[in-house]
Amino acid sequence: MSQIQKLEGIVIKKSDYKENAALITVLTKEGKLSLIVRGAKKINSVTRNYTNLFTKLDFNATNNLKLNTLTEALIVSSYININTDMDKLNIGLAILEKVNFFLEEINNTNQFYDFVSVVLEILEKTKYPSLVLVLFELKLLYLLGVAPEVKECVLCGNKDIDNSLFSVASGGVICKKHINHYCDLNELETKALKLLYFIKLDKVDDEFLSLVSEYVNKIFDSVDRFYERHLDFHSKVKKIIKVISK
């Protein structure tokens, strides 16, 4: 006999399921959960709104060995600005792309849920969506255990790195002694990247993001190359974003 479980979650994936239903993947504090949402493909159905990407739900669902079914839900947040602003939508999709891809590598799903939830709140309100993606990507690297070394020179361990440069190939920052090595970011761009890496999420606002906004394009590309080189992850969504932004 099926039991009912009560959860909170964010819709991170959606697909059609049979004639009038949808299949959604929800990120919860316990991990991901796949749910059938009946009637979701009917235009006037209330359940249709439960399947929109990014939507945060308080919901009840069956709990059985087969596929679970959403039985009741309350929308906590629909993230209307993300869904209606094309720039924010594309950035949001790039975030969900990584959430779906790397979720199985995350040990603390409770922490990860809170992390994603806060990032979406920041994205919903900000004027700097691209920087929110970089912020998310840098902190995700830390959660995955493959963060770039930004506290000391990756080549010699020198901790005097005030004027260091960031190198994707080397996996972190390089001190003055090794400037002859190829670096992806200059001194100011490297300082901006370190600010984004170290800042706590509850301190992030548009005043802070404005301080590093002029360096966003170079950092955006460098972090992308870091994922490609060190995690063999190639973002399809970010490729589209780069084409659109040209």
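Here, every reference points to the structure presented above.
Parameters and conventions
Residues numbered from 1 in each chain as written. Predicted model: local features only at pLDDT ≥ 70, side-chain atom pairs only at ≥ 80, totals over all residues. Heavy atoms only, no water. Helix = DSSP H or I, 4+ residues; strand = E, 2+ residues; numbered from the N terminus. Buried < 20%, exposed > 50% of the residue type's maximum accessible area, 1.4 Å probe, protein only. Contact = heavy atoms within 4.5 Å. Areas by Shrake-Rupley, 256 points an atom, 1.4 Å probe, with all protein chains shown as cover. Lys, Arg positive; Asp, Glu negative; His and termini not counted. Charge placed at Lys NZ, Arg CZ, Asp CG, Glu CD. Polar contact = N/O pair within 3.5 Å; in protein donor to acceptor, adjacent residues only side chain to side chain. Pairing = 2+ DSSP bridges. Axes fitted to C-alpha atoms, helices over the stretch in contact; angles between N-to-C directions. Salt bridge = Lys/Arg side-chain N within 4 Å of Asp/Glu carboxyl O. Expected span 1.5 Å × (residues − 1).

A closer look at the overall build of the chain
No. 1: The helix and strand inventory of the chain stands at 8 helices and 7 strands.
No. 2: Taken along its principal axes, the extent of the C-alpha atoms in the chain is 65 × 35 × 30 Å.
No. 3: Put simply, the chain has 246 residues, and 50% of those count as buried.
No. 4: Within the chain, contacts between residues at least 6 apart in sequence are counted, and of these 58% link residues at least 24 apart.
No. 5: Summed over all atoms, the accessible surface of the chain reaches about 13,000 Å², with 50% contributed by carbon and sulfur.
No. 6: Between the centroid of the 33 positive side chains of the chain and the centroid of its 31 negative side chains there is a distance of 4 Å.

Some points on the side chain of Lys238
No. 1: Within the secondary structure, Lys238 is located in helix α8 (residues 236-245).
No. 2: At a separation of 3.3 Å, a polar atom in the side chain of Lys238 contacts the main-chain carbonyl oxygen of Phe220.
No. 3: Residues contacting Lys238, with those up to four places away along its chain left out, are Ala94, Lys98, Leu133, Glu137, Phe220 and Asp224.

Quick word on the sheet that holds strand β4 (residues 56-63)
No. 1: Read once around its circumference, the closed barrel built from 5 strands follows the order β1-β2-β3-β5-β4, with strand pairing classed as mixed. Here the average twist between neighbouring strands, direction ignored, is 50°.
No. 2: Direction of pairing for strand β2 (residues 21-28) relative to strand β3 (residues 31-37): antiparallel, over a ladder of 7 bridges. From the neighbouring strand, Val26 faces β3, where its bridge partner is Leu33.
No. 3: Sheet contacts for helix α2 (residues 86-102): β1 (3-17) and β2; angle to β1, the most-contacted strand, approximately 115°.
No. 4: With respect to the sheet, helix α3 (residues 109-125) is in contact with β1, β2, β3 and β4, its orientation differing from that of β1 by roughly 60°.

Points about unusual backbone geometry
Backbone geometry follows two general trends: most residues other than glycine have a negative phi, and most peptide bonds adopt the trans configuration.
No. 1: We note that Phe54 has phi near 80°; this positive angle belongs to a residue other than glycine.
No. 2: Position of Phe54 relative to the elements: it lies in the loop between β3 and β4.
No. 3: The exposure class assigned to Phe54 is buried, which follows from its relative accessible area of 0%.
No. 4: Positive phi is not limited to glycine here, since Asp232 has a value of about 55°.
No. 5: Turning to its location among the elements, Asp232 is positioned in the loop between α7 (216-231) and α8.
No. 6: Note on Asp232: relative accessible area 58%, which makes it exposed.

So, the side chain of Thr69
No. 1: Turning to its location among the elements, Thr69 is positioned in strand β5 (residues 68-77).
No. 2: When near neighbours in sequence (up to four residues on either side) are disregarded, Thr69 contacts Leu35, Ile36, Arg38, Asn60, Ala61 and Thr62.

What about the environment of Ala73?
No. 1: Structurally, Ala73 can be placed in strand β5.
No. 2: Other than its neighbours up to four places away in sequence, Ala73 contacts Tyr50, Leu57, Asp58 and Phe59.

Section: the pairing of β4
Looking along a regular strand, one sees side chains alternate from face to face of the sheet.
No. 1: Taken across its 8 residues, β4 has 6 buried, putting it largely inside the fold.
No. 2: In the sheet, β1 pairs with β4 via 8 bridges, with the strands oriented antiparallel. Among the inter-strand pairings, Lys6 is bridged to a residue of β4, identified as Asn60.
No. 3: Relative to β5, β4 is paired through 6 bridges, and the arrangement is antiparallel. By the bridge assignment for β5, Asp58 is matched with Leu74.

Points about the pattern of salt bridges
No. 1: Scanning the model with the defined rule gives 11 salt bridges in all.
No. 2: Note that Lys238 and Glu137 form a salt bridge whose closest N and O atoms lie 3.1 Å from each other. Within this pair, whereas Lys238 is found in helix α8, its partner Glu137 is found in helix α4 (residues 129-144), the two being separated by 101 residues in sequence.
No. 3: Its relative accessible area of 0% is what places Lys238 among the buried residues.
No. 4: Glu137 sits in the buried class, given a relative accessible area of 0%.
No. 5: Here Lys159 and Glu152 are joined by a salt bridge, their closest N and O atoms 2.6 Å apart.
No. 6: Residues joined in a network through salt bridges with shared partners are Lys98, Glu137, Asp221, Asp224, Lys238 and Lys242.

With respect to α2
No. 1: Between the first and last C-alpha of α2 there are 24 Å, a value that for 17 residues agrees with the 24 Å anticipated at 1.5 Å per step.
No. 2: Burial runs high along α2: 12 of the 17 residues are buried.
No. 3: For α2, the full list of buried residues reads Lys88, Leu89, Asn90, Ile91, Gly92, Ala94, Ile95, Leu96, Glu97, Lys98, Val99 and Phe102.
No. 4: Put simply, Asp85 is the residue that caps the front of α2, since its side-chain oxygen is 3.0 Å from the backbone nitrogen of Asp87.

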